Amino acid sequence: MVASVICGLTRHVVTRTAPKIPVQSLAGVVSSRKFSEKARYTMSYETLDVTSPHERILHVQMNRPDKLNAMNKVFWREILDCFREISDDTDIRVVILSGAGRMFSAGLDIGDMADLITSQVSKKSDVARRAKYLQSLIAIYQESFNALEKCQKPVIAAVHGGCIGGGVDLIAACDIRYCTQDAWFQVKEVDLGFAPDLGTLQRIPKTVGNNSMVREMIYTARKVEAGEAKGMGFVSQVFPNKEVMMSEVDKLAESIASKSPVAVQGCKVALNYSRDHTISEGLKFMQCWNMTMLQSEDVIKGSEAVAKKAEKPPHFSKL
Ligand SMILES: CCC/C=C/C=C/C(=O)SCCNC(=O)CCNC(=O)[C@H](O)C(C)(C)COP(=O)(O)OP(=O)(O)OC[C@H]1O[C@@H](n2cnc3c(N)ncnc32)[C@H](O)[C@@H]1OP(=O)(O)O
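Residues numbered from 1 in each chain as written. Predicted model: local features only at pLDDT ≥ 70, side-chain atom pairs only at ≥ 80, totals over all residues. Heavy atoms only, no water.

**Let's talk about the overall build of the protein chain**
Then, number 1: Of the regular secondary structure elements, the protein chain holds 16 helices and nine strands.
Then, number 2: Classification of the 319 residues of the protein chain by burial places 46% in the buried group.
Then, number 3: Surface accessibility of the protein chain: about 16,000 Å² in total, with carbon and sulfur atoms responsible for 58%. (Helix = DSSP H or I, 4+ residues; strand = E, 2+ residues; numbered from the N terminus. Buried < 20%, exposed > 50% of the residue type's maximum accessible area, 1.4 Å probe, protein only. Areas by Shrake-Rupley, 256 points an atom, 1.4 Å probe, with all protein chains shown as cover.)

**Observations regarding helix α14 (residues 261-275)**
Then, number 1: If you check α14, its first and last C-alpha atoms are 21 Å apart, about what 15 residues at 1.5 Å a residue would give, namely 21 Å.
Then, number 2: When we look at burial in α14, the residues that qualify are Pro261, Val262, Val264, Gln265, Gly266, Lys268, Ala270 and Asn272.
Then, number 3: Against the buried residues of α14 lie α7 (127-150), β4 (155-159), α13 (242-257), α15 (279-293) and α16 (297-307). (Expected span 1.5 Å × (residues − 1). Contact = heavy atoms within 4.5 Å.)

**Remarks on the side chain of glutamate 189**
Then, number 1: By the secondary structure assignment, glutamate 189 is in helix α9 (residues 189-192).
Then, number 2: The charged side chain of glutamate 189 is buried without a salt bridge, its nearest counter-charge being lysine 188 at 9.4 Å. (Lys, Arg positive; Asp, Glu negative; His and termini not counted. Salt bridge = Lys/Arg side-chain N within 4 Å of Asp/Glu carboxyl O.)

**Some points on the environment of arginine 130**
Then, number 1: For arginine 130, the location among the structural elements is in helix α7.
Then, number 2: Arginine 130 sits ten residues away from glutamine 120 along the chain, and the two C-alpha atoms are 8.6 Å apart.
Then, number 3: When near neighbours in sequence (up to four residues on either side) are disregarded, arginine 130 contacts Val121, Lys124 and Ser125.
Then, number 4: In this structure the side chain of arginine 130 is engaged in a polar contact, spanning 2.8 Å, whose partner is the backbone oxygen of lysine 124. (Polar contact = N/O pair within 3.5 Å; in protein donor to acceptor, adjacent residues only side chain to side chain.)

**What about the packing of aromatic side chains?**
Then, number 1: For the coordinates displayed, the defined rule picks out seven aromatic pairs.
Then, number 2: With centroids separated by 5.7 Å and ring planes inclined at 85°, the aromatic side chains of phenylalanine 185 and phenylalanine 234 adopt a geometry described as edge-to-face. Linking phenylalanine 185 in strand β7 (residues 184-186) with phenylalanine 234 in the loop between α12 (226-231) and β9 (237-239), this pair joins segments that are 49 residues apart in sequence.
Then, number 3: By relative accessible area, which is 0% here, phenylalanine 185 ends up buried.
Then, number 4: The interplanar angle of 15° and the centroid separation of 5.9 Å between the aromatic rings of phenylalanine 285 and tryptophan 289 together place this pair among those described as stacked. Placement of both phenylalanine 285 and tryptophan 289 in helix α15 is noted, with a separation of four residues, approximately one turn of the helix. (Phe/Tyr/Trp six-rings, centres within 6.5 Å; stacked < 30°, edge-to-face > 60°.)

**Focus: the pairing of strand β6 (residues 176-180)**
Then, number 1: Most of β6 is tucked away: four of the five residues are buried.
Then, number 2: Relative to β6, β4 is paired through four bridges, and the arrangement is parallel. In the sheet register, alanine 158 faces β6, and the bridge partner there is tyrosine 178. (Pairing = 2+ DSSP bridges.)

**A short note on the site of the ligand**
Then, number 1: The full set close to the ligand counts 23 residues, and Lys67, Arg102, Ala106, Leu108 and Gly166 are the nearest of them.
Then, number 2: Note that an oxygen atom of the ligand is positioned 3.4 Å from one of the backbone N or O atoms of aspartate 66.
Then, number 3: Between the ligand and isoleucine 110, the relevant distance is 3.0 Å, taken from a nitrogen atom to a main-chain nitrogen or oxygen of the residue.
Then, number 4: Coverage of the ligand by the protein chains reaches 66% of its 1,100 Å² of free accessible surface.
Then, number 5: Its residues assigned to classes, the shell around the ligand shows 13 nonpolar, three polar and seven charged. (Near = heavy atom within 4 Å. Nonpolar A, V, L, I, M, F, W, Y, C, P; charged D, E, K, R; others polar.)

Put into structure tokens, the structure is as follows:
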């Protein structure tokens, strides 16, 4: 019954139970879309601007600059739909995630959440009913960010200015994080009176070696500047400004996109699996994975190119 009570979120829930499958996949027909044809992506979203700067690369930009890319109800649904679609899109090999305007993201849209509390949660007469509603809501929001981790293609976060609360949860689910010199990161939830619940507490300690620093950042809700974030290993590179960062992110994305998708996607799934399992389980996983993937044509193409010291990478087919 929860779904029927969550009026504003009903569509959200339904979308999640019925993920979109590209028509061409269903038909088994090779896509005729060219990369100059961006309509399929650009027309679909209200809070995201999705473009393809180069072949095989997709740039997803959060696009509510007037609200500092605060995450509202529409955003939670769109980011999930968008990354599920990308995951299944064989034309795409790498994704770049950034924010429009003066900062990456101010996190959860507080006004939106206040509306939800007033219109939904507070109307319920009993603690158990309120708790069930909130549990369902948190699970839905979590799934939105899980979609980036589950996306088969590597996701590169490019952060400028503030990255607050949900913004930190979001980039924690990305594969690679770059930022500008003026970037700052704030796990703000403690200041608002609750513990983060969308992945920061689960993912960052497994990403960053300095657990003491992670806890300091979380318990104090203080701003962590770009240099400090790099020092603790949360971001891998810091750039003087957004223009330079985006140019370097493009180069990184192009480099990854030129590699075998069998290899890159295999690495992503295995890295995520191994993070959540023992070494022994991770090694077993690789036996199973590579007993198939080592037979790929990509292994022959890649090995020949290396043996011949080829200057350009071979052409690897879509996966
Ligand atoms: C089940 C829930 C799971 C989710 C959990 C997520 C948790 C979180 O994300 S916790 C963090 C929440 N975010 C914040 O607390 C940040 C709030 N914003 C600010 O502190 C300031 O806006 C900021 C320091 C980021 C920037 O300050 P500045 O003076 O430069 O700009 P403002 O004039 O304040 O903001 C410009 C317009 O953006 C709107 N806005 C900013 N942040 C939010 C937000 N989080 N939610 C909604 N709207 C936001 C702000 O209202 C201004 O709009 P307008 O008045 O229309 O010009």
